[in-house]
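Overview (structure and organization)
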Amino acid sequence: MRPQTPLERLLGGADHTTLGRAFVVAGLGWFAVAIVARLLVGVDMVADNGVLGGALGLVSNSARVVGPLGLVGALAGVMYLLVPLQLASPAISYPRAAALAFWTWLLGMFVFAVSVAFDGGIGGANTEAARLGNVSLGATLAALGLAAVCVATTVVTHRPAGMGLARVPFVSWAALLGSSLWILTLAAAFAHVVVGHVSRFRAPGLAENFLTGIVWLTRAPAVYVLAIPVLGIAVDVVSATTGTKVRFYGAAQGVIGAFAILSIGFWAQTDRSVNTVVWTLFALAIALPVLGLLGLLGDAARRGGLRATPALPLVLVSVLLLLGSAVAGLLWSLNLAGSGVLLGFDVRLLGAAQVTFVGATMVTGVLAAVFHWAPQFWGAPVRPGPAWAASLLTIAGGGLLSTLMLVQGLVQRNGERPANQLFGVIVVAAALCYLLGVLAALSAIRGAVDAAASAADDAATTDDATSVQGATLEWALPTPARGDRIPDDLPTIDSPYPLAAEGDQAEEVSR
Amino acid sequence: MTELATLDLDEIEPAPPLRRRELLFATAFATAGVVMVFVTLLGAYLAARNAAGDLWLEGSRIPLTQANMQMATMVMAAVTMQWAVYSISRDDRLHAYLALGVTLLLGLAFVNQTTFLVKQANVVLAEPGGGLFYSLVGFHTAMVVVGLAYLVLMSFRTLAGQFSSRQPDGISAPAVYWYACVATYAALWIVYVMK
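Each chain carries its own residue numbering, running from 1 in the direction its sequence is written. In the order they appear in the text, chains get letters beginning with A and ligands get numbers beginning with 1. The predicted nature of this model means local features are confined to residues of pLDDT at least 70 and side-chain atom pairs, given and counted, to a pLDDT of 80 or more, with totals for whole chains, interfaces and linings taken over all residues. Processing note: side-chain calculations cover all non-hydrogen atoms of the structure and skip hydrogens and water entirely.

**Regarding the overall build of chain B**
Tallying secondary structure elements over chain B gives five helices and zero strands in all. A run of H or I in DSSP counts as a helix once it spans at least four residues, and a run of E counts as a strand once it spans at least two, with each numbered from the N terminus. Secondary structure elements of chain B occur, N-terminal to C-terminal, as α-α-α-α-α. Its C-alpha atoms give chain B a radius of gyration of 21 Å, more than 25% over the compact-globule value 16 Å for 195 residues. Along the longest, intermediate and shortest principal axes, the C-alpha atoms of chain B span 80 × 30 × 25 Å. Only C-alpha atoms enter the radius of gyration, while the globule expectation follows 2.2 Å times N to the 0.38, with N the number of residues.

**Observations regarding helix α13 (residues 311–336) of chain A**
The span expected for a helix works out to 1.5 Å for each residue beyond the first. If you check α13 of chain A, its first and last C-alpha atoms are 38 Å apart, about what 26 residues at 1.5 Å a residue would give, namely 38 Å. Throughout this description, buried means an accessible area under 20% of the type-specific maximum (1.4 Å probe, protein chains only), exposed means over 50%, and partly exposed covers the range between. With 20 of 26 residues buried, α13 of chain A is to be regarded as a mostly interior element.

**What to know about the domain arrangement of chain A**
All names here are of chain A. Domain boundaries shown here were taken from an automatic or database domain assignment. Taken domain by domain, chain A comprises domain 1 (13–218) and domain 2 (220–453). Put simply, the middle of domain 1 and the middle of domain 2, counted by C-alpha atoms, are 18 Å apart. In what follows, residue pairs with any heavy atoms lying within 4.5 Å of each other are defined as contacts. Listed by partner, the interface residues are 48 residues for domain 1 and 55 residues for domain 2. Taken as a group, M45, F170 and W216 account for 17% of the area that domain 1 buries against domain 2, more than any other trio of residues on that side. Criterion for a salt bridge: a side-chain nitrogen of Lys or Arg within 4 Å of a carboxyl oxygen of Asp or Glu. Counting across the domain 1 and domain 2 interface gives zero salt bridges. Looking at the side of domain 1 that touches domain 2, the elements that each hand over two or more residues are α2 (16–46), α3 (56–86) and α6 (170–199). With 14 residues, α2 is the largest single contributor of residues to the side of domain 1 that touches domain 2. Looking at the side of domain 1 that touches domain 2, its residues break down into 36 nonpolar, seven polar and five charged. Buried area is a sum: the accessible area each of two parts loses on coming together, probed at 1.4 Å, counted once for each and added. We call Asp, Glu, Lys and Arg charged. Ala, Val, Leu, Ile, Met, Phe, Trp, Tyr, Cys and Pro are nonpolar, and the rest, Gly among them, are polar.

**Observations concerning the interface of chain A and chain B**
Where the parts come together, the accessible area they lose is often given as the size of the interface. On the chain B side, the residues contacting the 26 residues of chain A number 19 residues. Overall, the association of chain A and chain B removes approximately 1,800 Å² of surface from exposure, summing both partners, and the carbon and sulfur fraction of that is 77%. Counting the surface chain A buries against chain B, the share from its top three residues, Y94, T157 and V198 of chain A, is 23%. The interface formed by chain A and chain B includes zero salt bridges. Think of a polar contact as two N or O atoms within 3.5 Å of one another; within protein, one of them needs to be a possible hydrogen donor and the other a possible acceptor, and neighboring residues in sequence only count if both atoms come from side chains. Counting the contacts that link chain A with chain B gives three residue pairs in polar contact (both at pLDDT 80 or more).

**Focus on a nonpolar patch on the surface**
Residues and elements named next belong to chain A. Like charges are joined within 9 Å and nonpolar side chains (Val, Leu, Ile, Met, Phe, Trp, Tyr) within 5 Å, but only among residues with over 30% relative accessible area and no salt bridge; these make up the patches. For every accessible area listed, the method is Shrake-Rupley and the probe measures 1.4 Å; residues are considered covered only by the protein chains on display. A cluster of nonpolar residues, L284, L330, L334, L342 and L343, forms a patch on the protein surface that exposes about 410 Å² of accessible area. With respect to the element layout, L330 can be found in helix α13. Exposure remark for L330: the relative accessible area of 38% places this residue in the partly exposed category.

**A look at the confidence of the model for chain A**
Per residue, pLDDT captures the predictor's confidence, and it can take any value from 0 to 100. Taken as a whole, chain A shows an average pLDDT of 88; of its residues, 94% reach a score of 70 or greater. Here residues 460–466 of chain A scores under 50 on pLDDT; set against residues more than four positions off or in separate chains, the count is nine contacts.

**Topic: helix α4 (residues 95–117) of chain A**
Residue pairs spaced three or four apart in an α-helix point in one direction, given the helix's 3.6 residues per turn. All names here are of chain A. In this model α4 runs 33 Å from its N-terminal to its C-terminal C-alpha over 23 residues, within 8% of the 33 Å that 1.5 Å per residue would give. All of the buried residues along α4 are A98, A99, A101, F102, W105, G108, M109, F112 and S115. Packed against the buried residues of α4 are α1 (6–12), α2, α3 and α5 (127–157). One or two positions beyond α4, positive phi appears at D119, with a value near 65 degrees.

**Overview of the packing of aromatic side chains**
Centre distance within 6.5 Å is the pairing criterion for rings of Phe, Tyr and Trp, where only the six-membered ring of Trp is used; planes under 30 degrees apart are then read as stacked, over 60 as edge-to-face, and the remainder as tilted. All chains considered together, the criterion is met by 17 aromatic pairs over all chains. For the pair F23 of chain A and F102 of chain A, a centre-to-centre distance of 5.1 Å together with 75 degrees between the ring planes defines the contact as edge-to-face. Taken together, the residues span a long stretch of sequence, with F23 of chain A in helix α2 and F102 of chain A in helix α4 at a distance of 79 residues. Note on Y249 of chain A and Y497 of chain A: the rings are 5.7 Å apart at their centroids and 90 degrees apart in plane angle, and the pair reads as edge-to-face. On the criterion of sequence distance, the pair formed by Y249 of chain A in helix α9 (residues 249–262) and Y497 of chain A in the loop between α17 (420–454) and α18 (504–508) is long-range, its members being 248 residues apart. The residues Y249 of chain A and Y497 of chain A share a single accessibility class, namely buried. Linked through ring pairs, F23, Y80, F102, W103 and W105 of chain A together constitute an aromatic cluster. Charges are assigned to positions over rings by a cutoff of 6 Å between ring centre and Lys NZ or Arg CZ, combined with an angular limit of 35 degrees from the ring normal. Here the guanidinium or amino end of R90 of chain B rests over the ring plane of Y86 of chain B, the centre of that ring lying 3.8 Å away.

**Notes on the pattern of salt bridges**
For the structure on display, the rule yields six salt bridges over all chains. Among the salt bridges present, the one from R446 of chain A reaches D450 of chain A, with a minimum N-O distance of 3.3 Å. Taken together, the residues span about one helical turn, with R446 of chain A and D450 of chain A both in helix α17 at a distance of four residues. On the basis of relative accessibility, which here comes to 40%, the residue D450 of chain A falls in the partly exposed class. For D169 of chain B, the salt bridge identified is with R21 of chain B, shortest N-O distance 3.9 Å.

**Let's talk about the nonpolar core**
Residues and elements named next belong to chain A. As used in this record, nonpolar core signifies buried Ala, Val, Leu, Ile, Met, Phe, Trp, Tyr and Cys residues forming a set joined through side-chain atoms within 4.5 Å. Residues W182, I256 and F371 are the most contacted members of the largest nonpolar core, which totals 240 residues. Of the residues forming this core, the biggest block, 18 residues, is contributed by α6. Composition of this core by domain shows at least three residues from each of domain 1 (13–218) and domain 2 (220–453). The contacts of I256, once residues within four sequence positions are left out, are F170, W173, A174, L177, I228, L231, G232, V235 and L293.

**Here we look at empty space enclosed by the protein**
Vacant regions in the atomic arrangement are exposed by a probe of water-molecule size rolled over the atoms. All names here are of chain A. Cavities and pockets were defined on a 1 Å grid built from protein atoms only: a cavity is a group of points that admits a 1.4 Å probe but offers it no way out, a pocket is an open group of points flanked by protein on both sides within 12 Å along at least five of seven lines, and a lining residue is one with an atom within 4 Å of any such point. Grid points are joined across faces, edges and corners, and a volume is the space filled by probe spheres set on the points. Counted according to the given criterion, the structure contains two cavities of 30 Å³ or more. Empty space within the largest cavity amounts to approximately 110 Å³. If you trace the largest cavity, you find 13 residues lining it, with V65, P68, L69, L217 and T218 closest to the centre. No other element matches α3, which puts five residues into the lining of the largest cavity. Among the residues making up the lining of the largest cavity, the classes are represented as eleven nonpolar, one polar and one charged. Of the voids in this model, the second largest cavity is the one considered here, and its volume is about 90 Å³. Around the second largest cavity, the lining residues are G121, I122, G123, G124, A130, N134, L137, A203, L206, A207, F210 and I214.

**Regarding the packing of α3 of chain A against helix α14 (residues 347–372) of chain A**
Residues and elements named next belong to chain A. Structural elements are reduced to axes, namely lines fitted to C-alpha atoms, with helices fitted over the stretch in contact, and the angle between N-to-C directions of any two is expressed from 0 to 180 degrees. Two elements in contact, α3 and α14, have axes separated by 10 Å at closest approach and are oriented at 30 degrees. It follows from the interaxial angle that α3 and α14 lie roughly parallel. Crossing geometry of α3 relative to α14 is assigned as left-handed. Packed against α3, whose contacting residues are R64, P68, L71, V72, A74, L75 and V78, the element α14 presents R348, G351, A352, V355, G359, M362, V363, V366 and A369 at the interface. When its residues are assigned to classes, the contact of α3 with α14 shows twelve nonpolar, two polar and two charged. Here roughly perpendicular refers to angles of 65 to 115 degrees, roughly parallel to angles under 35, roughly antiparallel to angles over 145, and oblique to all remaining angles. Each crossing gets its handedness from the near helix: less than a right angle anticlockwise from the far helix is left-handed, clockwise is right-handed.

**Topic: the side chain of D236 of chain A**
Relative to the helices and strands, D236 of chain A is located in helix α8 (residues 228–242). Separated by 3.2 Å, the side chains of D236 of chain A and Q86 of chain A make a polar contact.

This is the structure in structure tokens:
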């Protein structure tokens, strides 16, 4: 029988690797759309609102939704592909539901974009289009919740014998925590979509519903939920790249767990809940697990040999960017002292800075994953040129745009807009950088796919001297990964690093 | 002789083993999400009610007899659901079928009672609180309807012999969801009482 083409596998199958790749590429594509919207906003700032006019709010708010939801999809794709491989499972839990989640997400994002084009989206004036945007937003949230259910169930029930939760690789551990909290957090946002559709069904009401009911998802502490899987990616990438094992495995799991707990944010949905001691504690304490994780990564780097790969700077910066978001939370907390407007900072911009920092964390994390696990994702390592270009441009663009939002929130106080055109110029430069980075990443992916196709019969694909080899199970599987290619002779799981050389594990891994 | 008759049964690959607890965990995760939607709707309702004061649903009257009967129905449905779980885990199939049937009947009765209550309450969508009232009640009713569909599906699979004491998840999993429906109705009942 003729083997299925990749397109046939995507349209008619439910293989977790195919769905994961599609999720990643489509997620990066939607993120690129959001960056183009940011670019337009920057141009509009330079032209003193002469480009977007009355549509500024629509484009700005809609980009604030499309970017993170696109990146959540991309992270879901990383988890779709990597989690079953790390557990040596031939499939994700409920593969048809996983496929349904992907297609619903894709359709929901597309319909949302259409609603924006017809002056709906979020903040548009056309009621029918705004309702369409609200429904598509709900469908997207529900789809991502369903994807999270599949991922979380896979980690809990598909582990091989000997792999207790304490031995789960970090991507899978973070995927379990992240997807569990995605289910709760996205569900809480979905409830407001329901409220909007039933009781605020005019365009202005839906815009207000977003600001009062959904925008909390894009500020601390809830926004950090979106970045939880990136922490697992960071630890596994650093561990494999430096050739070392994380020495305090349980502590590292605990640090990611602490980050997850401090990112629980569905209790802080209203503006009133922000001006409280608990919110301030959450906003400040999130920096502690991030610093702890940086310490563990630094320890691994110190003990191992650092090899310069495009993924390494991406994961290190992804964790550092979370600290930037924590700084925005710190400044917001300071501003809240007294009557809540002590320093007059623009808290709307500080909130936007937080989601921009976390978005930069997510995109750098996704790119690190698809570069590091390129043999599993695409069948061959990525070419260094485009991958390095993507890495550096994305870091520069993401870092600049996030920091700019933060500075803008501090400078443009008490509702005034000094130096708005200067900020606009920098926004344009940062967004261009960001966009080029994502395009370079897609080019690197395309190059890896082409290389894999041209070397389809070449066994050296998996033994390339420049490729990084990790000590977790996904590195023992044939590449490119496919659900039906799980060999029977996998090693016994008696440590978190089953592929590590004997004697190496007891020495370096302790709980 | 047909081609089918010449098949060697030893050559047929056995079905992959069922992963125990997979359905249970998936249902638990999904239930957590659904409950979260309900809790958020309830929070929005209470916050808006607190802000509106005496204007809240002032033109409506929610009869409590109906709401109380619904509470009793759901409590009975929880008991019969647990009866089904207990029976299937002891391979008592007859009682499992009976318990599932009674649970389905009580669930349908609950949905019927809800439609009656909504007609009696006569809440207007446009009045303050009307939208949130319908969001809350409508979402819970949708929850119960989904639970009934889930129960019907699993009841058919039980009839086909797919679940037993070795693999009771097909009954335990909808039971988890069903208990969530009952628990959330308890919160909704308080809303009916307090209006």
